[in-house]
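# Descriptive analysis of the structure
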Amino acid sequence: MRDPRVTRVVLIGAGRMGHAMLVGWLRELRPSHEFHVVDPGVCDAVAALRKRLANPGSLVHYASAQDLPDDLAADVIVLATKPRIIAAALQAMPKPTALNAVVISVAAGVGIADIQQHLHGNLSTVRVMPNIGASVGYSVSAGFADASTKPDGRVHVELLFQAIGTFSWLESEDQLHAVTALSGSGPAYVFAMCEAMIMAGIEQGLDDTTARSLAIATVSAAGRLLENCPDPGLLRETVTSPNGTTAAGLAVLGKENVLERLVWQTLDAARQRSISLSNF
Ligand SMILES: NC(=O)c1ccc[n+]([C@@H]2O[C@H](COP(=O)([O-])OP(=O)(O)OC[C@H]3O[C@@H](n4cnc5c(N)ncnc54)[C@H](OP(=O)(O)O)[C@@H]3O)[C@@H](O)[C@H]2O)c1
């Protein structure tokens, strides 16, 4: 017999993003939520997560959406597969599973109208762009729900994404392309910067271990400082002595606005790619 106080979440796709969210949700949202994970290839990863749970029954794995029980009566369905897989996964799901669910897609680019074409029935559909910080409770997520989304659907979304970091609603679906470029992909830009700092440190005389630990700790310290003072310009000034070493370094990044232009082009390329993924 189903406990009506427990929210049933079906997670379709437990790869890098799905797994990161699942780890956060299992930590923060039990016993109020149970998770039904559909993914053809993450058997061992789910088994490892189940081992850590006091109640392993709150995490169930299925190799395919068609294996979901007919009477599951999901409250929430989270789509976290690659965009091109979404249609097939939705079509494979037994019709009754989703009758009263809110569908949340975290896929880049794919629009609400496109997702709804593949749903059995007129389900509330919400898009959220989280990021990989989810597994450590630091996802930055923003979402859009159209006017047809019921209030309880919005509550499910807020509960799930606030549990793994911060969440805010967007005014238009179109803004998700820019969100994807900025915070969805954003951790990768910071990691790339960190890799470049490590490489430059090694080339300028440090051994690999030292360069790596200094660069990683520096990025991490900068993140912690930003949490306490959300003004990156002010923080930059606190490091920059007049005519000192930082000013010399920043002069390179600022020359002909090279950094600004590079970051603008980076986000624009990611945003354009998100737009092109709309045609999945
Ligand atoms: N990675 C990020 O940082 C991030 C951030 C925000 C949003 N997203 C979005 O999240 C989605 C997933 O990205 P990802 O990076 O997590 O990709 P991923 O690591 O490839 O994860 C996708 C998972 O879906 C599984 N899968 C394939 N076919 C399936 C099916 N029919 N039913 C259920 N699961 C199926 C895949 O299994 P196989 O590997 O065996 O095919 C894989 O485990 C994308 O739409 C992306 O835009 C990702």
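Residues numbered from 1 in each chain as written. Predicted model: local features only at pLDDT ≥ 70, side-chain atom pairs only at ≥ 80, totals over all residues. Heavy atoms only, no water.

Threshold: UniProt positions are given in the numbering used here, feature names are shortened, and annotations may be inferred rather than shown by experiment.
Going by what an unreviewed UniProt entry lists, the protein chain is known as Pyrroline-5-carboxylate reductase and is assigned to Pelagibius litoralis. In its Function (unreviewed entry) section, UniProt records this for the protein chain: "Catalyzes the reduction of 1-pyrroline-5-carboxylate (PCA) to L-proline." Recorded under Sequence similarities (unreviewed entry), the UniProt text for the protein chain is reproduced unchanged: "Belongs to the pyrroline-5-carboxylate reductase family."

### Looking at the packing of helix H6 (residues 175-184) against helix H11 (residues 258-276)
Condition: Note on definitions: angles span 0 to 180 degrees between N-to-C directions of axes, and those axes are lines fitted to C-alpha atoms, for helices only across the stretch in contact. Helix and strand definitions here come from DSSP, where helices need a minimum of 4 consecutive H or I residues and strands a minimum of 2 consecutive E residues; each element is numbered from the N-terminal end. Angle categories are assigned with fixed cut-offs, so that under 35 degrees is roughly parallel, over 145 is roughly antiparallel, 65 to 115 is roughly perpendicular, and the rest are oblique. For a crossing to be left-handed, the near helix must be turned anticlockwise from the far one by less than a right angle; the clockwise case is right-handed. The contact criterion used is simple: two residues touch if any of their non-hydrogen atoms lie within 4.5 Å.
Where H6 contacts H11, the axes come no closer than 8 Å and their chain directions differ by 130 degrees. Comparing their axes, H11 and H6 come out oblique. At the point where H6 passes H11, the crossing takes the right-handed sense. Contact residues: H6 offers His-177, Ala-178, Thr-180, Ala-181 and Leu-182, while H11 offers Leu-267, Ala-270, Arg-271, Ser-274 and Ile-275.

### So, helix H8 (residues 208-228)
Convention followed: In a helix, the anticipated span is given by 1.5 Å times the number of residues less one. Counting of polar contacts relies on pairs of N or O atoms within 3.5 Å, with two restrictions inside protein: one atom must be capable of donating a hydrogen and the other of accepting it, and residues adjacent in sequence are counted only when both atoms are side-chain atoms.
Compared with the 30 Å implied by 1.5 Å per residue over 21 residues, the 31 Å span of H8 between its first and last C-alpha is a close match. The N-terminus of H8 is capped by Asp-207, whose side-chain oxygen sits 3.1 Å from the backbone nitrogen of Thr-209.

### Overview of the site of the ligand
Stated formally: The criterion for a residue being near a molecule or strand is simple. One of its heavy atoms has to lie within 4 Å of it. For the area figures, the Shrake-Rupley method with a 1.4 Å probe applies, and any residue is considered shielded solely by the protein chains shown. The nonpolar class holds Ala, Val, Leu, Ile, Met, Phe, Trp, Tyr, Cys and Pro. Asp, Glu, Lys and Arg form the charged class, and all remaining residues, Gly among them, are polar.
Taken together, 19 residues lie around the ligand, and Arg-16, Met-17, Asp-39, Thr-81 and Ala-108 are the ones closest in. In the environment of the ligand, an oxygen atom lies 2.7 Å from a nitrogen or oxygen atom belonging to the backbone of Met-17. In the model, an oxygen atom of the ligand is placed 2.9 Å from a nitrogen or oxygen of the Ala-108 main chain. For the ligand, whose unbound accessible area comes to 890 Å², protein coverage reaches 73%. In terms of residue class, the shell around the ligand is made up of 13 nonpolar, three polar and three charged.

### Here we look at the nonpolar core
The following threshold applies: What we call a nonpolar core is a set of buried Ala, Val, Leu, Ile, Met, Phe, Trp, Tyr and Cys residues that are connected through their side-chain atoms within 4.5 Å. Under the scheme applied here, a residue whose accessible area is under 20% of the maximum for its type counts as buried, over 50% as exposed, and between as partly exposed, the area being computed with a 1.4 Å probe on protein chains only.
In this structure, Leu-11, Met-21, Trp-25, Leu-59 and Phe-161 are the most contacted members of the largest nonpolar core, which totals 34 residues. When residues of this core are traced back to their parent elements, those giving at least two are strand S1 (7-12), helix H1 (16-28), strand S2 (33-38), helix H2 (43-51), strand S4 (76-79), strand S5 (102-105), strand S6 (125-129) and helix H5 (151-162). No other element matches H1, which puts seven residues into this core. Not counting chain neighbours up to four residues away, the residues in contact with Phe-161 comprise Met-21, Trp-25, Ile-104, Val-106, Val-128, Pro-130, Ser-141, Thr-166 and Phe-167.

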